[in-house]
Amino acid sequence: MSILLRRNSSQLHLLQRLGVASSAAITRLASSTNDNNNVTDTATTTTTPTPTTTTTTSGNKRKTLAAVADADIKKSVFISQSSDIFTNLALEDWLYKNFDFGHHHVLLLWVNEPCVVIGRHQNPFTEANVSKLMERGITLARRNSGGGAVYHDRGNLNCTFFTPRERYDRKYNLNIVTRSLFREWAIKTEINDRDDIVIANKKISGTAAKLGRPNAYHHCTILASANKLHLGESLVKEPANYISRATASVPSPIRNLVDVNRNVNVPQLLSAVGYEYLRTAATELEDGGSTQTMKQRGFQLINPTEKWFPGIEELRANYSSWDWVIGKTPKFTVEKELEVKGDERGMKLKLNVEVEAGLMSKICLQLPQSEQLVPVVTPLQGQAYNEQNLNGIMDALKLVSTSNMQQAMNGSI
């Protein structure tokens, strides 16, 4: 399904100013391959020919992009005025699908209310205690890139670097962040083998990316003054054995920048990273100072609404839907031990639940010292998997006596 940019004159003026071809029809993208931190897309984009695009083969386009001098590439820092995770994910996706970055690179900076964001191919139930998140009003979201689970709040700054695929350079982006921290607060950081930014081996920034055609983005988080207690509690899963091929997060010790320099705050961090981006050449880590900064398009406050970005409400609806957040979870099995009561002694069993597309497709009991699985008859079969439903099945089974359980297993009742 294509998004046709509306031809309302004021909207066209805005979109053209932001770098979007006014008559573009953008085809929705589908994921094809990925690794732990990247998701790669194959897409077809049809645009009206402009000086910043080419209608020749992709090979010729790569040569054209490579031939563009740094001086001919403008840079902007977009600052989202929303703190809603679903709106910001939709904005990120909208820019990725619609924007022409050929001669205009963009850094999007955004801050969210408390939420846990998992990677596209992750299992939320192995990354967090989903039920407790809901109880505490912490939103669960799934982004469209790879990588691990992260906690966001207003003490965390999110950065998304947008370029054409041919100019994607993760190290360049990470160095923008590290240089800004040293310039503003003399904080020395390192980039490790996983492309995390660390201080004394404690992570202040994680990273992930989406690589497509013609565009790509790399995004990272920067921990300034995040609530570490909520962060730790949010990323603790329900005690059970999960059998899943979903991408697992790699636990790492974390540190807030305020632990290193108490003067760090998110507004100043946003400004520091933004100015470092604007004062640096587009494809080389060359500091051009204020002269380079004055050549750029500067900071722009972005209001991610339908009027500014036609089609963004539909994107937000998709990102906030159960089908995306939970239903997109790769197939998995959860096992949990339970003990049923008896006259003299109890019986230890194992509950086995298979979950597909977020729904409990098969619920069984595993017999003691056996691989045999006995189906459990329950109205919860076919319902959404969550910790409450799992514990509800457990509580019901605990009320069954050992003798009745044995008769049921033998087919007597």
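Use the structure listed above.
Description of the structure in this document. Just so we're clear, the structure is a prediction, and the values are computed from it rather than from any experiment. (Residues numbered from 1 in each chain as written. Predicted model: local features only at pLDDT ≥ 70, side-chain atom pairs only at ≥ 80, totals over all residues. Heavy atoms only, no water.)

Considering soluble globular proteins, one finds that nonpolar side chains tend to be buried as a cluster. Of all hydrophobic cores here, the largest spans 60 residues; its most connected members are Leu95, Leu351 and Tyr385. The greatest single-element share of this core, amounting to 8 residues, is contributed by helix H3 (residues 85–98). Within the second largest apolar cluster, 29 residues are counted, among which are Val111, Phe161, Leu174 and Ile176. (Core = buried A, V, L, I, M, F, W, Y, C linked by side-chain atoms within 4.5 Å. Buried < 20%, exposed > 50% of the residue type's maximum accessible area, 1.4 Å probe, protein only. Helix = DSSP H or I, 4+ residues; strand = E, 2+ residues; numbered from the N terminus.)

What follows deals with the environment of tryptophan 94. Along the chain, tryptophan 94 turns up in helix H3. With 210 residues separating them in the primary sequence, tryptophan 94 and proline 304 have C-alpha atoms 9.6 Å apart.

Now for the pairing of strand S6 (residues 74–80). Most of S6 sits inside the fold, with 6 of its 7 residues counted as buried. Note: S6 against strand S7 (residues 104–110), 6 bridges, orientation parallel. If you follow phenylalanine 78 over to S7, its bridge partner there is leucine 108. After leaving S6, the chain enters H3 and then returns to the sheet as S7, a path that is right-handed. In this structure, S6 lies alongside strand S18 (residues 298–302), joined through 5 bridges in parallel fashion. Within S18, the position partnered with isoleucine 79 by the bridge is leucine 301. (Pairing = 2+ DSSP bridges. Right-handed = clockwise from strand over helix to strand, strands pointing away.)

The next point concerns the sheet that holds strand S22 (residues 373–375). What holds strands together in a sheet is hydrogen bonding between their backbones, with the strands either parallel or antiparallel. Across the sheet, 5 strands lie side by side as S17-S19-S20-S21-S22; this open sheet has antiparallel pairing. The sheet terminates laterally at strand S17 (241–244) and S22, the two strands that pair on one side only. When the angles between neighbouring strand axes are averaged without regard to direction, this sheet yields 30°. Packed on one face of the sheet, helix H12 (residues 387–398) meets strand S19 (332–340), strand S20 (347–356) and strand S21 (359–366) and runs near 30° to S19. (Axes fitted to C-alpha atoms, helices over the stretch in contact; angles between N-to-C directions. Contact = heavy atoms within 4.5 Å.)

A complete count under the given rule lists 13 salt bridges for this structure. Across the salt bridge formed by arginine 136 and glutamate 233, the nearest N and O atoms sit 3.1 Å from each other. Of this pair, arginine 136 sits in the loop between helix H5 (130–135) and strand S9 (139–142) while glutamate 233 is found in helix H7 (residues 228–234), placing the two residues 97 residues apart along the sequence. On the basis of relative accessible area, arginine 136 is assigned to the partly exposed category, the value being 43%. Given a relative accessible area of 35%, glutamate 233 falls into the partly exposed group. Here lysine 350 ties to glutamate 335 by a salt bridge, and the two come within 4.0 Å at their closest N and O atoms. Taken together, the residues span a long stretch of sequence, with lysine 350 in strand S20 and glutamate 335 in strand S19 at a distance of 15 residues. Look at the salt bridges and you will find they share partners, linking Arg179, Arg183, Glu276, Arg279 and Asp287 into a network. (Salt bridge = Lys/Arg side-chain N within 4 Å of Asp/Glu carboxyl O.)

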